[in-house]
Amino acid sequence: MTLSNRLPILLATLGSAGLLGGAFAFQHIGGLAPCQLCLWQRWPHAAAILIGVVVLATGWRGLAWAGALAALATAGIGVFHVGVEQLWWEGLATCTAGSISGISTADLLDPTKDVAQVVRCGDIAWSMLGVSMAGWNAILSLVLAGLWVTAARKG
């Protein structure tokens, strides 16, 4: 496989690694706990990284289509997440804070008990230029999908 064929795959793989690394940095360094949709957006990036490593190691360019599907999957989840944030549609039941009924006052006041609130998918924890993390993931993942398609079509 020539360098011109490898470059889009390498860029797409590094792009997913960068986005996934950024998500973990926001979580573990920035203290922004992910919601359920945030977590779902991470898995296709992990798959794209694995696909990219396999393609670069073996030269099986046909797998680039699988990389494109992974990038499109995370972009689709990102678009759905933006819709939830913007109240265009309802989110998942697991993305809303539930009732605290059934939890005793003693448990609520006990720091050794884990009664953390569910992170709501509709809350925008961080944004840049008016675009949320989910929005940036969708935009950048579409760019990565384009790189994967470019690589697949060269094969």
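What counts, and where the lines are drawn
Residues numbered from 1 in each chain as written. Predicted model: local features only at pLDDT ≥ 70, side-chain atom pairs only at ≥ 80, totals over all residues. Heavy atoms only, no water. Helix = DSSP H or I, 4+ residues; strand = E, 2+ residues; numbered from the N terminus. Buried < 20%, exposed > 50% of the residue type's maximum accessible area, 1.4 Å probe, protein only. Contact = heavy atoms within 4.5 Å. Areas by Shrake-Rupley, 256 points an atom, 1.4 Å probe, with all protein chains shown as cover. Disulfide = S-S within 2.5 Å. Axes fitted to C-alpha atoms, helices over the stretch in contact; angles between N-to-C directions. Parallel < 35°, antiparallel > 145°, perpendicular 65-115°, else oblique. Left-handed = near helix turned anticlockwise from the far one by under 90°. Nonpolar A, V, L, I, M, F, W, Y, C, P; charged D, E, K, R; others polar. Patch = residues over 30% accessible without salt bridge, like charges linked within 9 Å, V, L, I, M, F, W, Y side chains within 5 Å. Salt bridge = Lys/Arg side-chain N within 4 Å of Asp/Glu carboxyl O.

Trainee: Give a detailed account of the overall build of the protein chain, specifying residues and quantitative values.
Mentor: Looking only at helices and strands, one finds 5 helices and 2 strands in the protein chain. When the helices and strands of the protein chain are placed in sequence order, the string is α-α-α-α-β-β-α. Relative to its full complement of 155 residues, the protein chain shows a buried share of 29%. At a minimum sequence separation of 6, the contacts of the protein chain that also span at least 24 residues come to 74%. Here the protein chain displays about 9,000 Å² of accessible surface, and carbon together with sulfur accounts for 68% of that area.

Trainee: Break down the state of the cysteines for me, citing the residues and quoting the values.
Mentor: Taken as a whole, this structure holds 0 disulfides when the rule is applied. You can see C35 has no disulfide; the closest cysteine sulfur is in C121, sitting 3.3 Å from it. By relative accessible area, which is 3% here, C35 ends up buried. Looking at the unpaired C38, the closest cysteine sulfur is the one in C35, lying at 3.4 Å.

Trainee: Account for the packing of helix α2 (residues 36-58) against helix α5 (residues 133-154), with residues named and values stated.
Mentor: For the pair α2 and α5, interaxial distance at closest approach is 12 Å and the crossing angle is 25°. Comparing the axis directions of α2 and α5 gives the class roughly parallel. Handedness of the crossing formed by α2 with α5: left-handed. Here Q41, H45, A48, I51 and G52 of α2 come into contact with α5, specifically with A134, N137, S141, L144 and W148. A per-class count over the contact of α2 with α5 returns 5 nonpolar, 5 polar and no charged.

Trainee: How would you summarise a nonpolar patch on the surface if you had to cite specific residues and measurements?
Mentor: On the surface, L7, L10, L11 and L14 cluster together into a nonpolar patch covering about 350 Å² of accessible area. Tracing the sequence through the fold places L14 in helix α1 (residues 3-28). On the basis of relative accessibility, which here comes to 52%, the residue L14 falls in the exposed class.

It is worth stressing that arrangement in space is one thing and function is another; only the former is reported here.
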